Amino acid sequence: VMYGQLETEEDETPFVWWFTPRIEQPYRQGAIEEVTELNRVLFDAVMAGSILLTTIPVDTYLTTKVYRDGLQLAKSEVYHSIKSLGQRTADQVMRVINDGIQAGISKQEIARQVLERFEVSKSAAKRIVDTEVNKSYNDSRIRAIQTIRDETGLNFMVEHISALLPTTRKHHADRHHHIYTPSQQTAWWNKGANRISCHCSVRSVLNENTEGS
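The shown structure was predicted, so the numbers you read here are calculated from the model rather than taken from an experiment. (Residues numbered from 1 in each chain as written. Predicted model: local features only at pLDDT ≥ 70, side-chain atom pairs only at ≥ 80, totals over all residues. Heavy atoms only, no water.)

**Some words on the overall build of the protein chain**
Link 1 in the chain: Assigned secondary structure in the protein chain consists of seven helices and three strands.
Link 2 in the chain: Looking at the protein chain as a whole, 38% of its 213 residues are labelled buried.
Link 3 in the chain: For the protein chain, long-range pairs separated by at least 24 residues make up 72% of all intrachain contacts whose partners lie at least 6 apart in sequence.
Link 4 in the chain: Accessible surface for the protein chain amounts to roughly 12,200 Å². Of this, 55% is attributable to carbon and sulfur atoms. (Helix = DSSP H or I, 4+ residues; strand = E, 2+ residues; numbered from the N terminus. Buried < 20%, exposed > 50% of the residue type's maximum accessible area, 1.4 Å probe, protein only. Contact = heavy atoms within 4.5 Å. Areas by Shrake-Rupley, 256 points an atom, 1.4 Å probe, with all protein chains shown as cover.)

**Description of the pattern of salt bridges**
Link 1 in the chain: Within this structure, the stated rule accounts for 11 salt bridges.
Link 2 in the chain: Notably, a salt bridge pairs Glu34 with Arg141, separated by 2.7 Å at the nearest N-O pair. Taken together, the residues Glu34 in helix H2 (residues 16-47) and Arg141 in helix H5 (residues 107-152) connect sequence positions 107 residues apart. Assigned by exposure class, Glu34 and Arg141 land together as buried.
Link 3 in the chain: For the salt bridge of Asp174 with Lys170, the shortest nitrogen-to-oxygen distance reads 2.9 Å.
Link 4 in the chain: Here Asp174 falls in the partly exposed class, since its relative accessible area comes to 42%.
Link 5 in the chain: Given the relative accessible area of 63%, Lys170 is considered exposed. (Salt bridge = Lys/Arg side-chain N within 4 Å of Asp/Glu carboxyl O.)

**Section: the nonpolar core**
Among soluble globular proteins, nonpolar side chains are generally buried collectively.
Link 1 in the chain: Judged by nonpolar contacts, the single largest core of 32 residues is most densely connected at Tyr61, Tyr67, Phe156 and Trp189.
Link 2 in the chain: Secondary-structure elements contributing two or more residues to this core are H2, helix H4 (65-103), H5, strand S1 (154-161), helix H7 (182-189) and strand S3 (201-211).
Link 3 in the chain: The dominant element in this core, judged by the number of residues it contributes, is H2, at eight residues.
Link 4 in the chain: Ignoring sequence-local partners within four residues, the contact set of Trp189 consists of Asn138, Ile142, Asn194, Arg195, Cys198, Cys200, Ser201 and Val202. (Core = buried A, V, L, I, M, F, W, Y, C linked by side-chain atoms within 4.5 Å.)

**Quick notes on the pairing of S1**
Link 1 in the chain: The buried count for S1 comes to seven of eight residues, which makes it a mostly enclosed element.
Link 2 in the chain: Of the pairings in the sheet, the one linking S1 to strand S2 (residues 179-180) comprises two bridges and is antiparallel in character. The partner of Glu159 across the bridge, within S2, is Ile179. (Pairing = 2+ DSSP bridges.)

**Here's the deal with the confidence of the model for the protein chain**
Link 1 in the chain: In this model, the protein chain carries a mean pLDDT of 81, and residues with pLDDT of at least 70 account for 82%.
Link 2 in the chain: Here helix H1 (residues 2-5) is the element of the protein chain with the lowest mean pLDDT, 44, and helix H6 (residues 170-173) is the one with the highest, 97.
Link 3 in the chain: Here residues 1-13 is modelled with pLDDT under 50, and outside its nearest four sequence neighbours on either side it reaches 20 contacts, counting other chains as well. (pLDDT = per-residue confidence, 0-100.)

**Description of unusual backbone geometry**
Link 1 in the chain: Positive phi, close to 55°, is recorded for Leu164, a residue that is not glycine.
Link 2 in the chain: Residue placement: Leu164 occurs in the loop between S1 and H6.
Link 3 in the chain: You will see that His177, though not glycine, has its phi angle at about 70°, which is positive.
Link 4 in the chain: Inspection of the secondary structure assignment puts His177 in the loop between H6 and S2.

Pasting the structure below:
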């Protein structure tokens, strides 16, 4: 069913029933939480007399072009990841069937091998979902930070928050509470397999000593 809906035109919104809870909701949640956090940081800085800025209404940010463009990008990336998995699975299943027929093995054995291939694809699909949900959430937070950084000139940074789970990779745990620019954090996440099954997050911090760049 899902793969059939992936065959819609790319300018359409495919399988909304899946995108809404799995991608749009975490993306929206990331934006809401981050803008709320940014407002708290701005309020504290205003009260301390270090800046003279008003806060940003969360509802207003959710209607901006930068928010909508980011959400569309998140949907597009997941769309292509799942469509690619679907195509690979279809190709692999056909290969199993054709190879089984040519080898003269029984229908039962071919069916068993096909089921094994679907189990591998199911595991890959779960990994994609887990990865993309967290990516959507964190990309939304970083986009909000970068937007406020660009619009105010304030040097907002991101603090890496490691999940510190038993499965957390050492180089992820080593970044816990370290501070980076939004672009540095995004570059690290996009390097190698750092995104895969990652449960880390970020939050904004204001460096009042230097202006953003």
